[in-house]
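Each chain, written out:
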Amino acid sequence: SGAAVALKCSSARNRGGTQRVEGKLRASVEKGDYYEAHQMYKTLFFRYMSQAKHADARELMYNGAQLFFSYNQLNSAADLSMLVLESLEKSEATVEDEDLEHLAKLFSLMDPNSPERVAFVSRALKWSTGGSGKLGSPKLHQLLAVTLWKEQNYSESRYHFLHSSDGEGCAQMLVEYSAQRGFRSEVDMFVAQAVLQFLCLKNKNSASVVFSTYTQKHPSIEKGPPFVQPLLNFIWFLLLAVDGGKLTVFTVLCEQYQPSLKRDPMYNEYLDRIGQLFFGVPPKQSSSYGGLLGNLLNSLMGSDEEGEEAQEDGSPIELD
């Protein structure tokens, strides 16, 4: 129909206009007029946004940011990267993989130690889950984790892998992390912590994958199961128990392996949470009496209902 053709022409004309503008901007960056070019980019951004051309604004800022990065103009590049995010936030567009990949690309070009990068990543993660209280889209976490891994920033990479669904990538990074930075006596601890934390985040699948991949690929781990290291046997049995869901099995396991579990004071904290999530263990009451006696007294005083509530929103376990 005529209307459709007219629309096509006008969008093609717009695109031509945008390309002309981009050509001008590129020329002024290539000449070294960084300040003027930066101001022009921003002026165009606000013009497009006021006309609700969010996608055009975003594309222009994404290309501009990459151009500034290539000329090592890091501040201008970071500023335009923030505008890419602003256009996503204001357009209320659905979260597409392509947008997440663009955000991860900009992240990878930023100076690893800059405050801009920190601000950018927290805003990007917030946007990626529709501003909900959730911790960010697993896909974006995965892309960030891979960039940080390449930068050998293992601890940050590890944090993002835990919030992704990529157990395999996480395991490969941990193998490298333990080889580069860990003691040989701790090869089992790198994977134990990851499995326990994945389980605390209710991610049973990634917990299994990280364990099987890590134990297969780590050069210092002999083929198992069963393994030479008791801690690895504990984790292997734990993953089987989580599938079976039998509380007695879980309890006996934790008792049998106490000597190994004492190697890190956090293990028993994680296991308390895992007991609640997968084995129906009631939350521990923090009472002045410890342990069983405290639980017994609390149940006599009927104080476990509000305890249950508190636990749900209570202090989350630190997953550093």
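Here's what I pulled together on the structure shown here. (Residues numbered from 1 in each chain as written. Predicted model: local features only at pLDDT ≥ 70, side-chain atom pairs only at ≥ 80, totals over all residues. Heavy atoms only, no water.)

**A short note on the overall build of the protein**
Item 1. Helix and strand counts for the protein come out as 17 helices and zero strands.
Item 2. Residues counted as buried form 43% of the 320 residues belonging to the protein.
Item 3. Sequence-distant contacts in the protein: of pairs separated by 6 or more residues, those separated by 24 or more amount to 61%.
Item 4. A total of about 17,100 Å² of accessible surface is found on the protein, and carbon and sulfur atoms cover 54% of it. (Helix = DSSP H or I, 4+ residues; strand = E, 2+ residues; numbered from the N terminus. Buried < 20%, exposed > 50% of the residue type's maximum accessible area, 1.4 Å probe, protein only. Contact = heavy atoms within 4.5 Å. Areas by Shrake-Rupley, 256 points an atom, 1.4 Å probe, with all protein chains shown as cover.)

**A word on the environment of Leu 148**
Item 1. With respect to the secondary-structure elements, Leu 148 resides in helix H7 (residues 138–150).
Item 2. The exposure class of Leu 148 is buried, given its relative accessible area of 3%.
Item 3. Taking the C-alpha atoms as reference points, Leu 148 and Pro 112, separated by 36 residues in sequence, lie 8.8 Å from one another.
Item 4. Setting aside its immediate chain neighbours within four residues, Leu 148 contacts Phe 107, Arg 117, Asn 153, Glu 156, Ser 157 and His 160.

**Concerning the nonpolar core**
Item 1. With 46 residues, the main nonpolar core has Leu 174, Val 195, Tyr 214, Phe 234, Leu 238, Leu 271 and Ile 274 as its most contacted residues.
Item 2. For this core, the secondary-structure elements that each account for two or more residues are H7, helix H8 (154–162), helix H9 (167–181), helix H10 (187–200), helix H11 (204–217), helix H12 (230–244), helix H13 (247–256) and helix H15 (266–279).
Item 3. Ranked by residues supplied to this core, first place goes to H10 with 11 residues.
Item 4. Contacts of Leu 238, omitting those with residues within four sequence positions, involve Leu 196, Leu 199, Phe 250, Leu 253 and Leu 271.
Item 5. Judged by nonpolar contacts, the second largest core, of 38 residues, contains Val 29, Met 61, Val 84 and Leu 140. (Core = buried A, V, L, I, M, F, W, Y, C linked by side-chain atoms within 4.5 Å.)

**Let's talk about the pattern of salt bridges**
Item 1. Evaluated as defined, the whole model comprises nine salt bridges.
Item 2. Between Lys 31 and Asp 33 there is a salt bridge whose closest N-O contact spans 3.9 Å.
Item 3. Judged by its relative accessible area of 28%, Asp 33 falls in the partly exposed class.
Item 4. In this structure, the salt-bridge partner of Glu 101 is Lys 139, at a minimum N-O distance of 3.5 Å. You can see Glu 101 sitting in helix H5 (residues 97–109) and its partner Lys 139 sitting in helix H7, a full 38 residues away along the chain.
Item 5. A residue is classified by how much of its surface remains accessible, and Glu 101, at 39% relative accessible area, is partly exposed.
Item 6. The exposure class assigned to Lys 139 is partly exposed, which follows from its relative accessible area of 30%. (Salt bridge = Lys/Arg side-chain N within 4 Å of Asp/Glu carboxyl O.)

**Points about H15**
Item 1. Taking 1.5 Å per residue as the helical rise, H15 with its 14 residues ought to reach 20 Å, and the 19 Å between its terminal C-alpha atoms agrees with that figure.
Item 2. Within the span of H15, buried status applies to Tyr 267, Tyr 270, Leu 271, Arg 273, Ile 274, Gly 275, Gln 276 and Phe 279.
Item 3. Gly 280 occupies a position one or two residues after H15 and carries a positive phi of about 65°. (Expected span 1.5 Å × (residues − 1).)

**Regarding the side chain of Asp 264**
Item 1. Among the structural elements, Asp 264 can be located in the loop between helix H14 (258–261) and H15.
Item 2. Put simply, Asp 264 is tucked away with no salt bridge, and the nearest opposite charge, on Arg 158, sits 8.4 Å away. (Lys, Arg positive; Asp, Glu negative; His and termini not counted.)

**Regarding the packing of H11 against H12**
For any two helices packed against each other, one specifies the crossing angle of their axes together with the interaxial distance.
Item 1. Viewed as axis vectors pointing N to C, H11 and H12 meet at an angle of 150°, and their least axial separation amounts to 11 Å. It follows that H11 is roughly antiparallel to H12 by the angle criterion. Handedness of the crossing formed by H11 with H12: left-handed. Packed against H11, whose contacting residues are Lys 204, Ala 207, Ser 208, Phe 211 and Thr 215, the element H12 presents Leu 232, Ile 235, Trp 236, Leu 239, Val 242 and Asp 243 at the interface.
Item 2. Broken down by class, the residue content of the contact of H11 with H12 amounts to seven nonpolar, two polar and two charged. (Axes fitted to C-alpha atoms, helices over the stretch in contact; angles between N-to-C directions. Parallel < 35°, antiparallel > 145°, perpendicular 65-115°, else oblique. Left-handed = near helix turned anticlockwise from the far one by under 90°. Nonpolar A, V, L, I, M, F, W, Y, C, P; charged D, E, K, R; others polar.)

**Re the side chain of Asn 203**
Item 1. Structurally, Asn 203 can be placed in the loop between H10 and H11.
Item 2. Of note is the side chain of Asn 203, whose polar atom sits 3.0 Å from the side chain of Ser 206.
Item 3. Once residues within four sequence positions are removed from consideration, Asn 203 is found in contact with Ser 164, Ser 165 and Phe 198. (Polar contact = N/O pair within 3.5 Å; in protein donor to acceptor, adjacent residues only side chain to side chain.)

Purely geometric stuff here, so don't read any function into it on its own.
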